[in-house]
Amino acid sequence: MVPQGAEYKAVCRGLSGVTGSIPTVVAIPVGMKPLLKYLQQGQFLAPSRVLIMGICGSLSDRYTVGDIVLYQDCVYQEKWQECDRPFTAQLHSALQTRLIASLPNTNAINRVSPDSPPNLVKSLTSDRVIWSAAEKRRLGEILAADVVDMEGFTALEFFNAAGVAVAMLRVVSDDCQHDIPDLTPAINSDGSLNPFPLAMGMLRQPIAAIRLIRGSLTALKVLEQVTYRLFSGNKLEEVLGD
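Describing the overall build of the chain
Link 1 in the chain: When you go through the chain residue by residue, the secondary structure sums to nine helices and eight strands.
Link 2 in the chain: Within the chain, buried positions represent 51% of all 242 residues.
Link 3 in the chain: Accessible area of the chain: about 11600 Å², with a carbon and sulfur share of 53%.

Printed below as a string of structure tokens:
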């Protein structure tokens, strides 16, 4: 499962170069409420395992644009949900052994070595865009969280209750040192993006917008490559099977 739009397209591009069996990719709405509504409608085949991929924001100086993170758990307000440990460990091992050689040549990726596996992190799920760098750092310190997204907790709560194993793999698109545009008004109630408020939000903060676009493009390229490396040369059941 991948948030609809650019993230979904990046994963599909990564899978396009894979020969043999490929997983079913499902585009999901952006945001907690739209995602919960979608999941409750059950418009997908009930799986035994779900891998959620996409991009996220950093809440810590330890993680910057282009860093690959694998979630251990997600927190929302005072509630907590854990990712499936065996599934997460399986992905961690697969990524550690197959990933590094084919990643794009960016400064962020060059900081990673074959001896440094993808980062295991704690995630915060938010019902709005956390656009302020100061708020990101504050939330990271208070909640001891490393990254933030808008879907993780909802997906974990739903699938954990259904007995479905879930793992989450994301790439950092924005750091905690710089503000990004507040794009919350651009997210429709169904989880899609409204182009006009999106454009206006970018225009109001042009420098932040340029930084976000650059970071997102880097993260999406890494996401595409991670997808390819994860599934290329492997039997599907070795990655997603029981």
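As for the packing of helix H7 (residues 195–204) against helix H8 (residues 206–231)
How two helices pack is summed up by the angle between their axes together with the distance between the axes.
Link 1 in the chain: The contact between H7 and H8 brings their axes to 5 Å, and the two run at 115°. Classified by the interaxial angle, the pair formed by H7 and H8 is roughly perpendicular. Along its contact with H7, which presents Met202, Leu203 and Arg204, the element H8 presents Pro206, Ala209, Leu212 and Ile213.
Link 2 in the chain: Here the residues of the contact of H7 with H8 sort into six nonpolar, no polar and one charged.

Regarding helix H2 (residues 32–41)
Link 1 in the chain: Buried within H2 we find Met32, Pro34, Leu35, Tyr38 and Leu39. Down the axis, H2 shows its buried residues gathered within 165° of arc, on one side only. Every exposed residue of H2 that faces more than 90 degrees away from the buried side is listed here: Lys33, Lys37 and Gln40.
Link 2 in the chain: Tucked inside the fold, the buried residues of H2 contact strand S2 (27–28), strand S4 (68–76), strand S6 (119–125) and helix H6 (152–161).
Link 3 in the chain: The first or second residue beyond H2 is Gly42, which carries a positive phi of 65°.

Remarks on the environment of Ser60
Link 1 in the chain: Mapped onto the secondary structure, Ser60 falls in the loop between strand S3 (49–58) and S4.
Link 2 in the chain: On the basis of relative accessibility, which here comes to 9%, the residue Ser60 falls in the buried class.
Link 3 in the chain: Along the sequence, Ser60 and Arg138 sit 78 residues apart, while their C-alpha atoms lie 9.5 Å from each other.
Link 4 in the chain: Apart from the residues lying within four places of it in its own chain, the contact partners of Ser60 are Asp146 and Cys176.
Link 5 in the chain: One polar contact links the side chain of Ser60 to the main-chain amide nitrogen of Arg62, over a distance of 3.0 Å.

What to know about unusual backbone geometry
Link 1 in the chain: Despite not being glycine, Gln77 has its phi angle at roughly 55°, a positive value.
Link 2 in the chain: Structurally, Gln77 can be placed in the loop between S4 and strand S5 (79–82).
Link 3 in the chain: Even without being a glycine, Ala144 presents a positive backbone phi close to 55°.
Link 4 in the chain: Here Ala144 is to be found in the loop between helix H5 (133–143) and strand S7 (147–149).

A few points about the environment of Leu212
Link 1 in the chain: Mapped onto the elements of the fold, Leu212 is located in helix H8.
Link 2 in the chain: Each C-alpha atom of the pair Leu212 and Val65 lies 9.9 Å from the other, and the pair is 147 residues apart in sequence.
Link 3 in the chain: Leaving out residues up to four positions away in the same chain, Leu212 has contacts with Asp174, Ile180, Pro181, Leu183 and Met202.

Here we look at the side chain of Thr227
Link 1 in the chain: Note that Thr227 resides in helix H8.
Link 2 in the chain: When sequence neighbours within four positions are dropped, the list of residues in contact with Thr227 reads Val11, Gly14, Leu15 and Met53.

Side note on the nonpolar core
Link 1 in the chain: Ranked by size, the top nonpolar core spans 26 residues in total, and within it Met1, Val69, Tyr71, Phe159 and Met168 carry the most contacts.
Link 2 in the chain: Those elements that place two or more of their residues in this core are H2, S3, S4, H6 and strand S8 (165–174).
Link 3 in the chain: In this view, Met1 contacts Val26, Ile28, Leu39, Phe44, Val50, Leu51, Ile52, Met53 and Phe159; residues no more than four positions away in its chain are not counted.
Link 4 in the chain: Formed by 25 residues, the second largest nonpolar core is a distinct cluster that contains Val2, Ile55, Phe87 and Ala94.

What to know about the packing of aromatic side chains
Aromatic ring pairs are defined here through the distance separating the ring centres and the angle between the ring planes.
Link 1 in the chain: Considering all chains together, one arrives at two aromatic pairs under this definition.
Link 2 in the chain: Taken together, a centroid distance of 5.8 Å and an interplanar angle of 40° make the contact between Tyr76 and Phe153 tilted. Of this pair, Tyr76 sits in strand S4 while Phe153 sits in helix H6, placing them 77 residues apart in sequence. For the pair Tyr76 and Phe153, one class covers both residues: buried.

The rules we used
Once a new chain begins, its residue numbering starts again from 1 and follows that chain's sequence as written. Under the rules for a predicted model, residues below a pLDDT of 70 receive no local features and side-chain atom pairs below 80 are neither given nor counted, while totals for whole chains, interfaces and linings still include all residues. Hydrogens and water molecules were not included; the side-chain quantities draw on all heavy atoms of the structure. By definition, any uninterrupted DSSP run of H or I lasting at least four residues is a helix, any uninterrupted run of E lasting at least two residues is a strand, and each is numbered from the N terminus. Partly exposed residues are those whose accessible area sits between 20% and 50% of the maximum for their type, while under 20% is buried and over 50% is exposed, using a 1.4 Å probe and protein chains only. Only the protein chains shown count as cover for residues, with accessible areas throughout obtained via the Shrake-Rupley method and a probe of 1.4 Å. Only the stretch in contact is used when fitting a helix axis, every axis being a line fitted to C-alpha atoms; angles between N-to-C directions are given from 0 to 180 degrees. With respect to orientation, any angle under 35 degrees is reported as roughly parallel, any angle over 145 as roughly antiparallel, any angle of 65 to 115 as roughly perpendicular, and every other angle as oblique. Contacts: residue pairs with any heavy atoms within 4.5 Å of one another. Amino acids are sorted into nonpolar (Ala, Val, Leu, Ile, Met, Phe, Trp, Tyr, Cys and Pro), charged (Asp, Glu, Lys and Arg) and polar (every other residue, Gly among them). The directions considered for the arc run from the helix axis to the C-beta atoms. In protein, a polar contact means a hydrogen-donor-capable atom and an acceptor-capable atom, both N or O and within 3.5 Å, with residues adjacent in sequence counting only if both atoms are side-chain atoms; elsewhere, any N or O pair within 3.5 Å suffices. Joining through side-chain atoms within 4.5 Å is the link that ties buried Ala, Val, Leu, Ile, Met, Phe, Trp, Tyr and Cys residues into a set, and such a set is a nonpolar core. Stacked, tilted and edge-to-face pairs are distinguished by plane angle, under 30 degrees for stacked and over 60 for edge-to-face with tilted covering the rest, among Phe, Tyr and Trp rings (Trp via its six-membered ring) whose centres lie within 6.5 Å.

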